[in-house]
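Listed below are the residues making up each chain.
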Amino acid sequence: NYGLSKRSWRRFRDGAAKVRAASRLGDIGFSVALMGRKDIQELNRIYRGKDFPTDVLSFCYADGAAVGHRKHFGDIAIAVPVAKEQARHLGHHFVEELLVLLTHGLAHLVGCYHERGKRELLLQLQIEMSWLDAAGLDPELALALAARL
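For clarity, every value in this text was computed on a predicted model and none was experimentally measured. (Residues numbered from 1 in each chain as written. Predicted model: local features only at pLDDT ≥ 70, side-chain atom pairs only at ≥ 80, totals over all residues. Heavy atoms only, no water.)

Caption draft 1: Region of the structure containing the packing of aromatic side chains. For the structure on display, the rule yields 2 aromatic pairs. Considering the side-chain rings of Trp9 and Phe12, the 5.8 Å spacing of their centres and the 40° angle between planes classify their relative orientation as tilted. With Trp9 and Phe12 both in helix H1 (residues 6-23) and 3 residues apart, this pair spans about one turn of that helix. Judged by its relative accessible area of 40%, Trp9 falls in the partly exposed class. Assessed through its relative accessible area of 6%, Phe12 is described here as buried. Here Tyr47 and Phe59 contribute two aromatic rings whose centre-to-centre distance is 5.0 Å and whose plane-to-plane angle is 70°, an arrangement assigned as edge-to-face. In this pair, Tyr47 sits in helix H2 (residues 37-48) while Phe59 sits in strand S2 (residues 56-67), placing the two residues 12 residues apart along the sequence. Of the residues examined, Tyr47 reaches a relative accessible area of 57% and is grouped as exposed. Looking at Lys84, its charged tip hangs above the ring of Phe94, at a distance of 5.4 Å from the centre. (Phe/Tyr/Trp six-rings, centres within 6.5 Å; stacked < 30°, edge-to-face > 60°. Helix = DSSP H or I, 4+ residues; strand = E, 2+ residues; numbered from the N terminus. Buried < 20%, exposed > 50% of the residue type's maximum accessible area, 1.4 Å probe, protein only. Lys NZ or Arg CZ within 6 Å of the ring centre and 35° of its normal.)

That is the geometry; function is a separate question.
In structure tokens:
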């Protein structure tokens, strides 16, 4: 459980549901995998050619894979130890950092790629701030993530 108390887990689950609702994905699903530093480093090496741990990775299925009665849009992998370090460094709650990373990963799934330049970064930042605000979180939390990109 990576140190998530029942209360924190509930807070993450409820916040994730609010972020998902704000994204207006409708009946389209996605999965979230919480993992350790070694696992995310391996994924980062395999899929991005970068041999170091990162905080979040997104894997989009362009056409959507059928999973039961819903389309599965993609997967989001979040490194819990990295998220904990970032939350401590930035001075906010660990669950807030998990939700910021979830929001960032979800923005990638819907087609935002800050790597394309400033205009795309600003668009992605606006989307993330909107979703965080709709979820009842401080939208400026997205600014701290954007500053690390």
